[in-house]
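Coordinate inspection notes
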Amino acid sequence: KGNEPLHIQWNSATNQIEVVNYSAGSHPALEATAQLINMDGKVVWERKAELSSEEDTTKRPFSLEFPKELSAAHFVKLYLREGDKVVSDNFYIRGTEEGNYQAIRQMPKVALRQDVTINKRIDNKWEGSVTLTNPSQTPALMIRINLLGAEDGDQILPVFYSDNYFALLPNESKTVTFRFKDIDTRGTTPKIVVTGYNVK
């Protein structure tokens, strides 16, 4: 994810939000958004800024500010939009005490809604998608999509996912696509298993 050509990130040493353009061409009309979110899903701070991004540059539109209302562990969510499209996003955990994230152990478990499709193509390749939605008011952390053989429970490898190990904020949805070759199924039926840090 950090190697995507147009990328938004938090520099924890300076607390600046950075938009890194590495061979992505010119993007004259971008909007950077940063949110600080408590463990209960409440957004306690938000800032947006418009910017342009030229190839092989790093822009720093603003810095994070940390209000007193932050929970002991909280989250930094970043979006980079071009028009209505999110071209990059990022997610971090942060503690009011540096390096201490133990408070997330008290977060409730979240039941995600999921819609899965897996289709075999004529050329003996498989492709599919998983759409996950967090209907709760609690952020769901470290969500992992894993492709297994239904009969033996072993991982099917290699599988190429468009994203993985991600978080979903309250009422947020994400669609992840994936692809793999028929020969790598070992003759088993492919099935998707979804897990996460606080996911039921």
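Quick summary incoming for the structure in this document. Predicted model only: the values in this text are computed from it and were never measured. (Residues numbered from 1 in each chain as written. Predicted model: local features only at pLDDT ≥ 70, side-chain atom pairs only at ≥ 80, totals over all residues. Heavy atoms only, no water.)

1. Description of the layout of surface pockets
Counted as a void, the largest pocket has a volume near 290 Å³. Looking at the largest pocket, it is lined by 17 residues, and the ones nearest its centre are F91, M142, Y165, F166 and A167. Looking at the lining of the largest pocket, the elements with two or more residues in it are β6 (73–82), β7 (85–95), β10 (140–149) and β12 (166–168). When residues of the lining of the largest pocket are assigned to their parent elements, the largest contribution, 4 residues, is made by β7. (1 Å grid on protein atoms, 1.4 Å probe; cavity = no way out; pocket = protein on both sides within 12 Å on 5 of 7 lines; lining within 4 Å. Points joined across faces, edges and corners; volume = space filled by probe spheres on them. Helix = DSSP H or I, 4+ residues; strand = E, 2+ residues; numbered from the N terminus.)

2. As for the pattern of salt bridges
Within the structure shown, the criterion is met by 8 salt bridges. Residue K120 pairs with D182 through a salt bridge whose shortest N-O separation is 3.5 Å. Placement of K120 in strand β8 (residues 113–120) and of D182 in the loop between β13 (173–181) and β14 (190–195) is noted, with a sequence separation of 62 residues between them. Residue classification places K120 among the partly exposed positions, given a relative accessible area of 45%. A residue is classified by how much of its surface remains accessible, and D182, at 23% relative accessible area, is partly exposed. Between D152 and R186 there is a salt bridge, with the nearest N and O atoms lying 3.2 Å from each other. (Salt bridge = Lys/Arg side-chain N within 4 Å of Asp/Glu carboxyl O. Buried < 20%, exposed > 50% of the residue type's maximum accessible area, 1.4 Å probe, protein only.)

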